[in-house]
Amino acid sequence: MSLFDKKQQEPFISSYKALDKRIICPNCGNDKFLVRDVLLNTPGMTFFGLDWANRNATALICTSCTRIEWYFEKPAAVD
Ligand SMILES: [Zn+2]
């Protein structure tokens with residue numbers, strides 16, 4: 001699994017909201033994130049019997065401090 005796999009979609013930087021609340025980086029206060037869809041199905045999870053978790057998650061990567069926030073459901077982009 002690579003967050004920066006060239007075969008995935010191009011990076012898309014925007015602001016996002018979850019439950020109508022704007023997502024702010026808890027580390028630096030930035031509100032711009034790079035979003036990537038990441039497959040949760042990894043050899044490690046299969047090894048530990050966590051196949052039930054095999055699906056996509058969304059990673060929001062802070063464009064300022066690079067902290068990664070994980071969301072099971074993709075947050076909505078805001079202008
Ligand atoms: Zn940040």
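Higher on the page you've got the structure.
Below: a short report on this structure. Here the structure is a predicted model, which means the values were calculated and not measured.

Calculation criteria
Residues numbered from 1 in each chain as written. Predicted model: local features only at pLDDT ≥ 70, side-chain atom pairs only at ≥ 80, totals over all residues. Heavy atoms only, no water. Donors = N, O, S within 2.8 Å, 3.2 Å for Na, K, Ca; no water. Helix = DSSP H or I, 4+ residues; strand = E, 2+ residues; numbered from the N terminus. Buried < 20%, exposed > 50% of the residue type's maximum accessible area, 1.4 Å probe, protein only. Contact = heavy atoms within 4.5 Å.

**Some remarks on the coordination of the zinc ion**
Protein ligation of the zinc ion involves Cys25 (SG), Cys28 (SG), Cys62 (SG) and Cys65 (SG), the donor distances falling in the range 2.3 Å. Donor residues for the zinc ion, ordered by position in the chain, follow C-x2-C-x33-C-x2-C. With Cys28 in the loop between strand E2 (21-22) and strand E3 (33-39) and Cys65 in the loop between strand E4 (56-62) and strand E5 (68-71), this residue pair connects regions lying 37 residues apart in the sequence. Residue class for Cys28 comes out partly exposed when judged on its relative accessible area of 37%. Look at Cys65 and you get partly exposed, because its relative accessible area is 25%.

**Focus: the environment of Pro75**
Locating Pro75 in the fold gives a position in the loop between E5 and strand E6 (76-78). Accessibility expressed as a relative area gives 8% for Pro75, which makes it buried. Counting along the chain gives 52 residues from Pro75 to Ile23, while the straight-line C-alpha distance between them is 8.8 Å. Ignoring sequence-local partners within four residues, the contact set of Pro75 consists of Tyr16, Lys17, Ile23, Thr58 and Leu60.

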